[in-house]
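# Structural overview
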Amino acid sequence: MILKPLLLSAAGLLAAASLVCAPAGAVETTGVPGSPGATTSIPGNQLPPPDPKFGGVIKDDALQSKPWWAPRVVPPKGAPNVLLIITDDAGFGVPSTFGGVIPTPTMDRIANEGLRYNRMFSTALCSPTRAALITGRNHHSAGFGVVSEQSTGFPGYNSIIAKDKATIGRMLLDNGYATSWFGKDHNTPAFAASQVGPFDQWPTGMGFEYFFGFVGGDANQWQPNLFRNTTQIYPFEGKAPGTWNLVTAMADDAIDYMTRIHQTDPSRPILIKYAPGATHAPHHPTKEWVDKISAMHLFDDGYEKLRERIFANQKRLGVIPQDAQLTPWPAEMLKPWDQLTADEKKLFIRQVEVFAAFAAYNDHEIGRVIQAFADLGKLDNTLVIYINGDNGTSAEGGPMGTPNEVAWFNGVNMMPVDLQMKFYDVWGTEATYNHMSAGWSWAFDTPFDWFKQNASRLGGINQNMVVSWPARIKDKGALREQFVHVIDVVPTILEAAGIAAPAVVDGIKQAPIEGTSFAYTFDAANAKAPSRHRTQYFEMMGQWALYHEGWLLSTKVNRAPWQAFGPANPDPLNNQAFQLYDLSRDFTQTADIAAQHPEKVKELKAQFVTQAKQHQVFPLDASVAARIVAPRPNITARRSEFVYTRPMSGLPQGDSPILLNTSYTITAAIEVPQGGAEGMILTSGGRFAGYGFYLLKGKPVFLWNLIDLERIKWEGPDALTPGPHTLEFDFQYEGLGTGTLALNNFSGVGRPGTGTLKVDGKVVDTKKMEKTLPMILQWDEAFDIGSDTLTGVNDADYRPPFALTAKLDKLTIKVDRPELTPADIQKIKETDAKATAARE
């Protein structure tokens, strides 16, 4: 069928929005075939679509020939813009929209203009949820059984989205959408996050034409490792501390992007994946928002009272059943508020006010993006999906909270209050990488219990969501209670746009979409319709569950999220206490009825095994911290020597030499000019954990920053004279190394070592480190040579960029990693066996 050319002004778009999209795969054409203005939608079964056959006429001369242009590919008529929002580490009780005390007027707005969903489910962890969200496949199916920094060499856990699982970005792009991604990208393998690439697993390689954000699990919001597409940028440089923040900057960039697209081509719908870092640690709101929240005194009566208040609000709003029950406070794990000291209460209130300010600030900036759609006249035909949290609220700050989240990743999870109070006045500023007490996290997961990481408890996996699409959803302000999982978002968007899931992409047959569209819930007639998503497995680090038609089989939680450094459960499939819940009657997972229904437990366990085999969940692995240092195929793998002859910066931790749990020697050949020199020779990490080798007032210095709690410095006594010099730092490690982790044993990591600093072959300083970092440096900082990007490892000595003013001739790093001998292995096994016997 040939239609007249469709020119969509703002008013025309609104008219078109009222049209129902054609069935997926139907082809619609506009304009005169072969003319420059002709357009067509495509069947979508093959991406990219095959080039059409030339339809003109070619003679010997142009005057006798007829030109012909292939029609421009466009989405089906009426296809909506899509704004897909997912916040970070936020449980059910965070937003005011679902009974929380933190004001989230933007989420309220979308809920009032559309629908609330109280059974939206995540995977319990960041990268896995996000992989499922953009592919429509389960997280293990998409290679993300855990976060990318914990990837291992199994298909379900390698942090690689395989080519047979195209993302929603790629599907919409090839169907004529403009596609973009703002904020957090936690779906690029840690070993592919450097400027050497490959870039096929970056947003721009997965169908998102434009990317503005950070690559990794979290980022310093004041000084992030920020990229535009695949180029690192530093828009905060030169700005006064506290005046530039990524939460605002990404909203600005998203508004600029959508305005440019819609001003250039008003007819082209856009997809924006909007993934702010809030409220993942570090909690970095602006002072304005901290002051606003502090003035409200929302948390003065403690976390138990907060939980009760949220629970009452939820019943009042009707977002949970009136007969829902609240589980008891876990007093054995989280100290009740009335047992805290005055300093503990003061500190904890400061921690949570900064968290709440981060959440409120983030919602405000999301509101600016949504208002920009309205200002452009596009909101009526925009499908807004706003998911609160990619998992439950994080408890990775531990019961005490922390001014430095990097400390938790290195096993320091109970930092004393007197030490934390030193950071009280700068909490949430660039001087902290802060997290709050897990007591608040438990409260923010109300009406459920437990946290992020806990895949068997609703506090870890039951999110909430609001959806609006004014041109389509008329049941405004209503509640939907159907079971929905993040894998359902892709098929819902495709159905809304009238686009078919492709069978083949780039010649590769595609794995089936595993989610179920929830577009049926948009209609008031289906408000109480049965859930079409009937079965769903959950698994995260050995904790697992199986949902089936209202039943939930769960493994009993056997590890708090901050307890990541002990031996892992060796048989997480069977070595579990099983719990059974009927969620159709027990909304909050409070009444364990496993003893009454042993046959149902057996049935659902068998069903989990079937799902696990189908979706690459095996082999189950209950380890946590051990997987952070598991070997991966990064560009440093098996290399023991690294040579650099010129300055470079921005190499991420995953692609740089790893100097933890090993012996190493760093040698720098430099030439000092007349008048002396200073500056950074080599650094990795930053203010919250890392090392630096530099010249300070002409003197050579090597420094280890141990999670901002202690700094160990080796320093030469004299400034270097003009001319060539050879500087060397040698470190002899006393431990057995990361090989012990493969034996479920942590004895080889974080052990002592002795460092020796030499100048021109002469020893100038020797010190022993009684403790070393066992797991990780500050992950959002880079490996830099010749300068220091982002934050420095010691503010008392210098401030970045601290460029080296000497000439670097050659920098060599030699790594001598420990290797376990058969005798070492036997000794570890015997020691562990004795320890196990003693515990039993």
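See the structure shown above.
The rules we used
- Residues numbered from 1 in each chain as written.
- Predicted model: local features only at pLDDT ≥ 70, side-chain atom pairs only at ≥ 80, totals over all residues.
- Heavy atoms only, no water.
- 1 Å grid on protein atoms, 1.4 Å probe; cavity = no way out; pocket = protein on both sides within 12 Å on 5 of 7 lines; lining within 4 Å.
- Points joined across faces, edges and corners; volume = space filled by probe spheres on them.
- Helix = DSSP H or I, 4+ residues; strand = E, 2+ residues; numbered from the N terminus.
- Pairing = 2+ DSSP bridges.
- Axes fitted to C-alpha atoms, helices over the stretch in contact; angles between N-to-C directions.
- Contact = heavy atoms within 4.5 Å.
- Core = buried A, V, L, I, M, F, W, Y, C linked by side-chain atoms within 4.5 Å.
- Buried < 20%, exposed > 50% of the residue type's maximum accessible area, 1.4 Å probe, protein only.
- Phe/Tyr/Trp six-rings, centres within 6.5 Å; stacked < 30°, edge-to-face > 60°.
- Lys NZ or Arg CZ within 6 Å of the ring centre and 35° of its normal.
- Expected span 1.5 Å × (residues − 1).
- Polar contact = N/O pair within 3.5 Å; in protein donor to acceptor, adjacent residues only side chain to side chain.
- Left-handed = near helix turned anticlockwise from the far one by under 90°.

Enumeration according to the criterion identifies 3 cavities of 30 Å³ or more in this entry. Roughly 290 Å³ of volume is contained in the largest cavity. In this structure, the largest cavity is lined by 23 residues; those nearest its centre are Val-147, Glu-149, Glu-396, Trp-408 and Phe-409. Ranked by residues supplied to the lining of the largest cavity, first place goes to helix H9 (residues 405-409) with 3 residues. Considering only enclosed or pocket space, the second largest cavity measures out at about 100 Å³ in volume. Every residue lining the second largest cavity is counted, 13 residues in all, and those nearest its centre are Thr-87, Val-94, Ala-359, Tyr-386 and Asn-388. Only helix H8 (342-375) and strand S13 (382-388) provide two or more residues apiece to the lining of the second largest cavity. Ranked by the residues each element gives to the lining of the second largest cavity, the list is headed by H8, at 3 residues.

Time to look at the sheet that holds strand S22 (residues 578-582). If you trace the 4 strands from one edge of the open sheet to the other, you get S19-S20-S21-S22, paired in antiparallel fashion. On the outer flanks of this sheet lie strand S19 (535-540) and S22, each paired with one strand and no other. Between one strand axis and the next, the sheet turns by 10° as a mean value, whatever way the strands run. With 6 bridges connecting them, S19 and strand S20 (residues 543-548) associate as antiparallel partners. When the sheet's bridge partners are listed, Gln-536 is paired in S20 with Tyr-547. Of the strands in this sheet, S19, S20, strand S21 (551-555) and S22 are in contact with helix H14 (residues 598-614), which crosses S20 at around 105°.

The next thing to look at is the nonpolar core. Ile-102, Tyr-274, Phe-299, Trp-440, Phe-444, Leu-682 and Trp-704 are the most contacted members of the largest nonpolar core, which totals 186 residues. For this core, the element with the most residues is H8, which contributes 17 residues. If you look at the next biggest cluster of nonpolar residues, it comprises 51 residues, including Met-120, Ala-132, Ile-385 and Tyr-520.

Our next topic: the packing of aromatic side chains. Under the counting rule described, the total for this entry stands at 51 aromatic pairs. Seen in terms of ring centroids, Phe-121 and Phe-538 are 5.7 Å apart; in terms of plane orientation they differ by 50°. Their pairing is tilted. Linking Phe-121 in strand S7 (residues 115-121) with Phe-538 in strand S19, this pair joins segments that are 417 residues apart in sequence. A relative accessible area of 2% places Phe-538 in the buried class. Clustering of aromatic rings is evident, with ring pairs tying together Phe-299, Tyr-303, Trp-329, Trp-337, Phe-355, Trp-440, Trp-442, Phe-444, Trp-450, Phe-451 and Trp-562. Lying across the ring of Tyr-520, Arg-532 places its NZ or CZ 4.0 Å from the centre.

This brings us to helix H5 (residues 246-264). Owing to its 3.6 residues per turn, the α-helix aligns residues three or four sequence positions apart on the same side. When the terminal C-alpha atoms of H5 are compared, their 26 Å separation across 19 residues agrees well with the 27 Å that a helix rising 1.5 Å per residue should span. What H5 keeps buried is the set Leu-246, Val-247, Ala-249, Met-250, Ala-251, Asp-253, Ala-254, Ile-255, Tyr-257, Met-258, Ile-261 and His-262. Check the buried side of H5 and you find it contacts strand S6 (81-86), strand S8 (178-185), strand S9 (210-215), strand S10 (226-228), strand S12 (270-275) and H8. The N-terminus of H5 is capped by Asn-245, whose side-chain oxygen sits 2.9 Å from the backbone nitrogen of Val-247.

In this section: the pairing of S8. For S8, the buried fraction is high: 8 of the 8 residues fall into the buried class. For S8 and S12, the ladder comprises 6 bridges, and the chain directions are parallel. Within S12, the residue paired with Trp-181 across the bridge is Lys-273. As paired elements, S8 and S9 share 6 bridges and run parallel to each other. Looking at the pairing, Trp-181 lines up with Phe-211 of S9.

What follows is about unusual backbone geometry. Peptide bonds are trans in most cases, and residues, glycine excluded, mostly fall at negative phi. In this chain, Leu-47 is followed by Pro-48 through a cis amide linkage whose omega measures -10°. Counting through the fold element by element, Pro-48 comes out in the loop between strand S4 (46-47) and strand S5 (72-73). Cis geometry marks the peptide bond from Gly-197 to Pro-198; its omega dihedral reads 0°. One can find Pro-198 in the loop between S8 and S9. Of note, the phi angle at Gln-453 is positive, near 85°, even though the residue is not glycine.

With respect to the element layout, Asn-81 can be found in strand S6. For the pair formed by Asn-81 and Thr-179, sequence separation is 98 residues and the distance between their alpha carbons is 10.0 Å. In this structure, Asn-81 is in contact with His-262, Arg-268, Pro-269, Ile-270, Phe-373, Lys-378, Asn-381, Thr-382 and Leu-383, ignoring residues within four places of it in sequence. Here Thr-382 takes part through its side chain, which lies 3.3 Å from a polar atom of the side chain of Asn-81.

Let us look at the packing of helix H6 (residues 287-294) against H8. In the contact formed by H6 and H8, the axes pass within 8 Å of each other and the chain directions differ by 115°. You can see that H6 and H8 cross each other, and the crossing is right-handed. Note on element contacts: H8 touches H6 through Arg-350, Glu-353, Val-354, Ala-356, Ala-357, Ala-360, Tyr-361 and His-364, opposite Trp-289, Val-290, Ile-293 and Ser-294.

Below, the discussion takes up the sheet that holds S4. Read across the open sheet, the 3 strands follow the order S4-S17-S18; overall the sheet is mixed. Of all the strands in the sheet, the pair left with one neighbour each is S4 and strand S18 (508-509). Strand direction decides the pairing type here: S4 and strand S17 (residues 504-505), joined by 2 bridges, are parallel. Looking across to S17, one finds that Leu-47 is bridged to Val-505.

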